[in-house]
Structure formats: C-alpha cells, structure tokens
Amino acid sequence: MVEYLIFSVLNTLVLGMLLFMLSSGLTLIFSMMGVLNFAHASFYMLGAYFGYQITTVAGFWSALIISPLLVGILGAAVERYGLRTVHKYGHVAELLFTLGLFFIIEEGVNLIWGRNAMPNFIPASLDFPLFTLFNSEFSAFRAFMLLISVAIFIGLYLVLTRTRIGLIIQAALTHPEGVNALGHNVPAVFMMVFGGGSALAGLAGVIGGIFLITEPSMALTLGPIVFVVIVVGGMGSLTGAFVASLLLAGLQTFAVGLEYSLVDLLGIIGVTVNADGILRDIWRIQLSHIGPILPYLFMVLMLMFRPKGLLGKREN
Amino acid sequence: MLKVKQLNAYYGNSHILQGVDLNIEKGEIVSLLGRNGVGRSTTCMTIMGLVPPKGSIIYNGEEIAGLKPHEIAHRGIGFVPEDRWIFPGLTVMQNLILGQKSRKQKSRWTLDDVFTLFPRLEERSNVHGGLISGGEKQMLTICRTLMGDPDFIMIDEPTEGLAPRVVEQMGQLIETIAARGVSVLLVEQKLSIALKISRRLYIMGQGRIVFSGTPDDLKHDREIRKEWLEV
Ligand SMILES: Nc1ncnc2c1ncn2[C@@H]1O[C@H](COP(=O)(O)OP(=O)(O)OP(=O)(O)O)[C@@H](O)[C@H]1O
Ligand SMILES: [Mg+2]
C-alpha cells in the first residue's frame, strides 16, 4: 500500500506537471485574447513529431531545444497572420479558425508521418531506473520530466512576477485595452504569449510523446483533458491551472490502480446493496474503468456548481 | 494641439459619433459635457484609437486617426478611462510603474510627485489594485496615466462618486496638471467644477457637439443648459 501510494504520488506529479505545461499556455492565451484555442494540443502533437524527427537526425538533446522553438515560431505566425486577421469577425470565427487548424494539423501529420505510432523511445542516456523502492522502479526519464516541468514552472513564475514584460502580460489578462492605451504594444505581447504558450506545448510534446505515445490522435486524446484542467482551475488563473493539473492527474493515476466497484465503495460506508437485478452491471463497474470519465464528470459538475472554477476570477 | 474634424464612430450598426468637432490648444482645460449616453466616453475612446474612427484627428499637425492605441500614446496622448481599468492582480506600485512607457522613461511626474499629491497611494503601494477603494482607484488611474508623461490628457468623469471634499481636491489636481503645460480634456457631469476650472466647454447631444463656448457664455445661456444638460 505504501509502495502504491508513493508511486502514485510520483506519477501524479509527472503527469500533472506535463498537463500544467500545456494548460498554462492555454489559460494565458484564453484570458488574454478570449480565444479558446482548440489547436493548442495540436502544437503539443507537433512538438512530439518534430522532436521525434530531430532526434533521429541530431539526437534527443537537440530535439529538446529545437522542436519547442519551431513550434513556438509556428504559433507566433499563426497568431500574427491567422488569428489577428480573423479577430475582427468575433470570437466564434476565432474558435472555428482554431478548430480548423486542429484538423489541418492532424491531417498534415497523417500525410507526412502516416497513421501509425512513431517508434519514439526514451533516449539511451535517460533509460535506466533512477531508484528502486520496494519492488518498483522509478525511471530516470520520469525524474527528468519532473525536473524540466518544475524548472519551467519556476521560470514562468519568475518571468510573470519579476519582469516588466511579465507585469504587462498580467495586466493584459484583465484589461488589454488599458495596457494598450498606456503605450504598450499589446498586439506584440499577444503574439509573444501565443508563441510562448505554443512553445511550452511543443516542449510538453517532445517529452510527452515519449512518455505517452506519438501518434496522429494524440492531440485528440490529450486536448479535452487540458480543457478540463483550465475550466476546473478557473479560466485565466495560472495557480488554478497548476492545482487542477495535479488534481486531474491524481484522479487518473489513483483511479487506475483502484480495483474497487461501487458495491465495495458503498460497503465501506456501511451501505449494502443487492448487486443483482437490472442494475447489476452498474454496481459492478470498477473504479479503474470509470477513470477516464472522471475528469469530464468533474468538469460538468464544476460548471454546474462553481462555473468560475477553483481559482477563476470571471463569472462568465 | 488637437483638432478633431467630422469624427464618426460606430458600435456594430449603431452610429454613435455623428460628426464631432473639437479643438484643444496647448495648456488649456476644456470640458466635454452632456447627458448620459450621448457619446462623451466614445469620443475619448475613439481619439485614443480604442474605437475605430472615421474622420480626422490631427494631433500636433499629424493625422493620428487609424493609428494603434499604443502608437497614439507614444505621440503624447494620455487617457484616463471611466472604468478605471485598474489591474487587479498587480500592486498599486506596479500599476503606477506600468504607466511608464518604458523602464527608463522620464516624466514631468515622478513617483514622489504622485505620492505627495496622494499620500494615500504611498500607504497603499503594496496592496493589490483589486483591493483598494473606489476613490483610491480614481487617484491611481489618473496618476498611472501621468507617469507616462502625456502632453494631452483625456480624463473621463474623474469626480464620479467622490465625496465633495475629494471633488475639490480633484479639481485642484486637474489645475496642477494644466499648470505643468499639459492640455486637459475633462469629461464631466458636475457643471460646477467644469465651470470653475475650464477655459472652454463643449456640450454633446446625441453624437454631435451642440454648444461650444466659455464658462461665462454657458452661465448666461439658460436655454442651452435646459435643453442639453438638465434632466
Ligand atoms: N461597447 C459598446 N457596445 C455598444 N454600444 C455601446 C458601447 N459602449 C457604449 N455604447 C452606446 O454608445 C452610446 C454612447 O456611449 P458613451 O459611453 O460614449 O456615453 P457617455 O456620454 O460617456 O455617457 P455615460 O458615461 O454617462 O454613460 C450609448 O448609447 C451607449 O449605450
Ligand atoms: Mg461615459
């Protein structure tokens, strides 16, 4: 049990920080520009594919740097030449634009790399167990993921709170017109944030593509979870995104390992039910099987009972 | 200094400004009066580039209609919005610092000036903008714009909701601003303060200027006051 707990906590951290790398950019972009970027997870996918491709040519460490840069530049270009043009037609147009982008990137990836998963493996230099506790190993790669994402978290925090550009970004989260009227080039800041957020998604892709899988449906698999994170955390709140990332990662990690059914759960609190009859199948569902539903269930409940999210500031 | 000619502006299909003409010279305080919803705030927003303009806005001899808000701010125009736009997650101090266009910008207004004018802001300098009172927000938003050293400043309803004693103080501040060579366009509801400190006044009615003259002209024109100001 102790072993299970320790490893679940560690895995929660690894997955949670990966989610945060994705959700931080998305939530910043949303509250600043009011654009719910459907293509955010596509940038994550591009990061993974670029990462894989660069690794085959120049090795993992080059990929770790070059791939996020490429994705970041691409993101900045999408903002500058795409979104900014579409912006004047309103939020629905912007939403559809990013949705279109999502499919374009998915089909593009299909065209270039095909439908099968890429053999995107852990680099040899990180492919060893870092430590063994009880009977389980914790791999060096997971530790490395954790290290990078914590470093990103700290870096992001410092930039946002200690630098002038960080203050401008924070101010533009609530009053972009106000910041603009004070003489700051808000369109340029938008482009930077969009590019930076995309680069973070790309970085998450380089390591996430190895940790999870690199295939054309990876954006569709992870994208909804990232949306759940920013809704649960509260749109526009970085702290909220952080808490929600860990929360949802925990929910998924722990649920997977728990072989309890509803009957067992009710048994714990002293309720016995007749596990036969029409509802038999429902009573016997294992927690580990509803794991994938939990995030969405959580989001739906959150929207019903606390629409602004855990730490969100907006009501609408 | 600022010449606005035949300025039009729209929100969607509603034609809000229907040919506004304004003229402001260096160092003057000019008031823009009118009933609720006639388009005074929209006039300021349009001059600032925050609402797309149709028509001509000449500032220091240059056509600025069509420029971006930050470009207009860099030409020397400052704007104090009616909604204050205080950044809630930043401290009072950080709000003030963002008033400067760059870290090194020199201004005729220093932090010391601001804190001498409003000691309250110094006391509250580490408090988040979201937590200060309405009156404090009003002082902060004006001082923040001053930190950017505008040569011409538009102040939208600075005395709204202030206690009478503070209104008096606000009037003095505006005179201090003008005394340092900054032209002021003051959007006001309170006729008394506008009459007292302005050199000239404009009155707006439904998207147009319907009166232009000195405080004395307006004092003697009961008809105009009755038709366009009183409710
Ligand atoms: N964002 C907006 N979208 C649509 N219509 C708007 C918007 N802002 C203002 N209006 C409309 O434009 C007109 C002029 O508004 P404006 O704010 O300029 O008036 P005002 O003279 O400043 O009055 P007050 O400040 O007392 O409301 C009003 O009829 C208002 O309803
Ligand atoms: Mg107004």
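Everything numeric in this text was worked out from a predicted model, so none of it was measured.

### As for the overall build of chain A
- Scanning chain A for helices and strands turns up 14 helices and 2 strands.
- Its C-alpha radius of gyration of 21 Å places chain A within 12% of the 20 Å reference for a compact globule of 316 residues.
- For chain A, the spread of C-alpha atoms along the three principal axes comes to 65 × 50 × 40 Å.
- Sequence separation of 24 or more characterises 77% of the internal contacts of chain A that already satisfy a separation of 6 or more.
- Taken as a whole, chain A presents about 14800 Å² of accessible surface, with 71% of it coming from carbon and sulfur.
- Taking the 13 positively charged and 14 negatively charged side chains of chain A as two groups, their mean positions are separated by 14 Å.

### Observations regarding the overall build of chain B
- Secondary structure summary: chain B contains 10 helices and 10 strands in total.
- Against the 2.2 N^0.38 benchmark of 17 Å for 231 residues, chain B shows a C-alpha radius of gyration of 17 Å, consistent with a compact globule.
- By its C-alpha atoms, chain B is 50 × 40 × 35 Å across when sized along the principal axes.
- Classification of the 231 residues of chain B by burial places 53% in the buried group.
- Here the analysis covers contacts within chain B between residues at least 6 apart in sequence; of these, 67% occur between residues at least 24 apart.
- Surface exposure of chain B reaches about 10100 Å², of which carbon and sulfur atoms provide 49%.

### Describing the site of ligand 1
Residues and elements named next belong to chain B.
- Taken together, Tyr11, Ile16, Asn36, Gly37, Val38, Gly39, Arg40, Ser41, Thr42, Glu82, Glu157 and Gln189 make up all the residues around ligand 1.
- Arg40 is positioned such that a nitrogen or oxygen atom in its backbone is 2.8 Å from an oxygen atom of ligand 1.
- Contact with the protein chains hides 59% of the accessible area of ligand 1, taken as 630 Å² for the molecule alone.
- Residue contributions to the shell around ligand 1 peak at 3 residues, all from helix H1 (residues 40–47).
- The class makeup of the residues in the shell around ligand 1 is 3 nonpolar, 6 polar and 3 charged.

### Remarks on the packing of helix H9 (residues 218–233) of chain A against helix H14 (residues 294–305) of chain A
All names here are of chain A.
- In contact at an axis separation of 10 Å, H9 and H14 are set at 35° when each is read in the N-to-C sense. Judged by the sense of rotation from one axis to the other, the crossing of H9 with H14 is left-handed. Listed contacts from H14 to Pro224, Ile225, Val228, Val231 and Val232 of H9 are Pro295, Tyr296, Phe298, Met299, Met302 and Leu303.
- Looking at side-chain class alone, the contact of H9 with H14 contains 11 nonpolar, no polar and no charged residues.

### Some thoughts on the sheet that holds strand S5 (residues 62–63) of chain B
Residue and element names in this part refer to chain B.
- Strands sit in the order S2-S1-S4-S5 across an open sheet of 4 strands; the sheet is antiparallel. Two strands close off the open sheet at either side, each with one partner strand: strand S2 (14–24) and S5.
- Where strand S4 (residues 54–59) lies against S5, 2 bridges are found, and the strand directions are antiparallel. By the bridge assignment, Tyr59 is partnered in S5 with Glu62.
- Packing of H1 onto the sheet brings it into contact with strand S1 (2–11), S2 and S4, and relative to S1 it is tilted by some 110°.

### Focus: the coordination of the magnesium ion (ligand 2)
All names here are of chain B.
- Donor atoms from the polypeptide that bind the magnesium ion (ligand 2) are Ser41 (OG) and Glu82 (OE), placed at 1.9 to 2.3 Å. Taken together, the residues Ser41 in helix H1 and Glu82 in the loop between strand S6 (77–80) and helix H3 (92–97) connect sequence positions 41 residues apart.
- Among the residues examined, Glu82 registers a relative accessible area of 27% and is labelled partly exposed.

Calculation criteria
Residues numbered from 1 in each chain as written. Chains lettered and ligands numbered in written order. Predicted model: local features only at pLDDT ≥ 70, side-chain atom pairs only at ≥ 80, totals over all residues. Heavy atoms only, no water. Helix = DSSP H or I, 4+ residues; strand = E, 2+ residues; numbered from the N terminus. Rg over C-alpha atoms; globule rule 2.2 N^0.38 Å. Contact = heavy atoms within 4.5 Å. Areas by Shrake-Rupley, 256 points an atom, 1.4 Å probe, with all protein chains shown as cover. Lys, Arg positive; Asp, Glu negative; His and termini not counted. Charge placed at Lys NZ, Arg CZ, Asp CG, Glu CD. Buried < 20%, exposed > 50% of the residue type's maximum accessible area, 1.4 Å probe, protein only. Near = heavy atom within 4 Å. Polar contact = N/O pair within 3.5 Å; in protein donor to acceptor, adjacent residues only side chain to side chain. Nonpolar A, V, L, I, M, F, W, Y, C, P; charged D, E, K, R; others polar. Axes fitted to C-alpha atoms, helices over the stretch in contact; angles between N-to-C directions. Left-handed = near helix turned anticlockwise from the far one by under 90°. Pairing = 2+ DSSP bridges. Donors = N, O, S within 2.8 Å, 3.2 Å for Na, K, Ca; no water.

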